[in-house]
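# Coordinates in review
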Amino acid sequence: MRKRTTRLIGAVGSLALASTLVACGGSSSDTAAPLSNAVDASDAKHPEWSKYTFTIGDNGGDGSQELAKVTGVFDNAPYKVKFARFTYGPPLVQAAASGDIDLGSVGDVPPITGAAKEYGFKVVAVNRSLAPTQSNENIIVPKGSKLKTAADLKGKRIAVPQGSSAHGLALNALKSVGLTPKDVKLVFLDPAAGASAFNTGKVDAWSIWNPQSAIAVKNGARILVKGLPPIDQTSSYYVASDTSLKDKTKRAALTDVLKRLSREFAWAVKNPDEYAQALSKEQGIPLDDAKASLAAYSNRVTPVAQPDIELEQKLADAFLEAGQITKKVDVRRSSTTFCRPVTTARS
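Counting from 1, residues in each chain are numbered in the order their sequence is written. It should be noted that, the model being predicted, local features are given only for residues of pLDDT at least 70 and side-chain atom pairs only at 80 or more, the latter also being counted only at that level, while totals for whole chains, interfaces and linings use all residues. The basis for every side-chain value is the complete set of heavy atoms in the structure, and neither hydrogens nor water enter the calculation.

## Topic: helix α1 (residues 64–71)
- Among all positions in α1, only S64, E66, L67, A68 and T71 are buried.
- Residue contacts are counted whenever heavy atoms from the two residues lie within 4.5 Å of one another. For the purposes of this entry, the term helix denotes a DSSP run of H or I that reaches at least four residues, the term strand denotes a run of E that reaches at least two, and both are numbered from the N terminus. Tucked into the core, α1 has its buried residues touching β3 (80–86), α8 (248–270) and α9 (272–283).
- Just downstream of α1, G72 is the residue with a positive phi angle, here 70 degrees. Accessibility here uses a 1.4 Å probe with only protein chains present; expressed as a share of the type maximum, an area under 20% marks a residue as buried, one over 50% as exposed, and anything in between as partly exposed.

## What about the packing of aromatic side chains?
- For this analysis, a ring pair means two rings from Phe, Tyr or Trp (six-membered ring only for Trp) whose centres lie within 6.5 Å, classed as stacked if their planes differ by under 30 degrees, edge-to-face if by over 60, and tilted for the remaining angles. Scanning the model with the defined rule gives four aromatic pairs in all.
- By the ring-pair criterion, three or more aromatic residues cluster together here, those being W49, Y52, F54 and Y79.

## Details of the sheet that holds strand β4 (residues 103–106)
- On the basis of which strands lie adjacent, the open sheet formed by six strands has the order β3-β2-β4-β11-β5-β12 and mixed pairing. The sheet is open, and its two borders are formed by β3 and β12 (299–302), each paired with just one other strand. Here the average twist between neighbouring strands, direction ignored, is 25 degrees. At least two bridges found by DSSP between two strands is the condition for calling them paired. Helix axes are fitted only over the stretch in contact, all axes being lines through C-alpha atoms; the angle between N-to-C directions runs from 0 to 180 degrees.

## Side note on the layout of surface pockets
- Method remark: on a 1 Å grid restricted to protein atoms, a set of points is classed as a cavity if a 1.4 Å probe fits but cannot get out and as a pocket if it is open with protein on both sides within 12 Å along at least five of seven lines; lining residues have an atom within 4 Å of a point. Grid points are joined across faces, edges and corners, and a volume is the space filled by probe spheres set on the points. Considered as a void within the structure, the largest pocket measures approximately 450 Å³ in volume.
- Lining the largest pocket we find 24 residues, and of these P191, A192, A195, W206 and Q212 sit closest to its centre.
- With five residues, helix α5 (residues 191–199) is the single largest residue contributor to the lining of the largest pocket.
- By volume, the second largest pocket amounts to about 370 Å³.
- Those elements that place two or more of their residues in the lining of the second largest pocket are α4 (165–176) and α11 (306–321).
- Note that Gly is not counted as nonpolar here; it falls among the polar residues with everything else outside the nonpolar set of Ala, Val, Leu, Ile, Met, Phe, Trp, Tyr, Cys and Pro and the charged set of Asp, Glu, Lys and Arg. In terms of residue class, the lining of the second largest pocket is built from nine nonpolar, six polar and six charged.

Next comes the structure, spelled out in structure tokens:
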């Protein structure tokens, strides 16, 4: 029987970022709202955008909502923005496809599983890690666990948020040591249920991102597998609905939203103390825990590049091979506007 091919992201990166994308620049300030008047010369007034209120999906709390308040980056925008919190990626992608949100950031797997279900969305930008040696997610084991390597996971119970980037990490980690999902017991749990199962010994390992991973390690858990290349990506992706992108005026305004988010994160990387405070408040975690996971949150917003597409295709093929999706996903290349990298990474 022939497999149907699902076209992921009809045109990947169809929302091209302007060459003046402020992830390429931006400045910091000590004022209360340092970005409230940070406008490029090319940012003309757009009265036609005043009718829009954009909802930005927040996947687990990257600090963007609190940073918007601290920096004032949207204060002078000719549209309104609001934020919607999601505990992990798959529901966010579905919300983008249905038009419940206009833009949202997710890990590397939700666009694949969403495409396999033929949701109507596109990947429009990359939230690229400035610290690619810092893992944002890991497979962790409880204190006192006898598991030492990924190969030791054979026959064990692994808590995994289904369809998430942590799901992809688990699959690739198993594959790297010659195991398949049939060799273990994947226990599909959302992050809150996964934490409960992990803390009560109902699972042997947990594939999860920060801050949950960092907090668990602080409390005695141990990292068994780090979520780093070649078995995991350190970037995340912005998705938008097909409906919004088909409207030229709305699409142009969404490009401006991305440019402002880019300014916001560029400022945050230059101001780590303020960023940690924003993460702490937004995620409801102690400041020390926010600081422990801060390096993995240091990102810049960029257009989608060919290596991103190739990595996503490799991951999509791995999901199909492992039987985690039933339709082949075709991650296609498209034209994007490139931006030189931000140079504000902390040493």
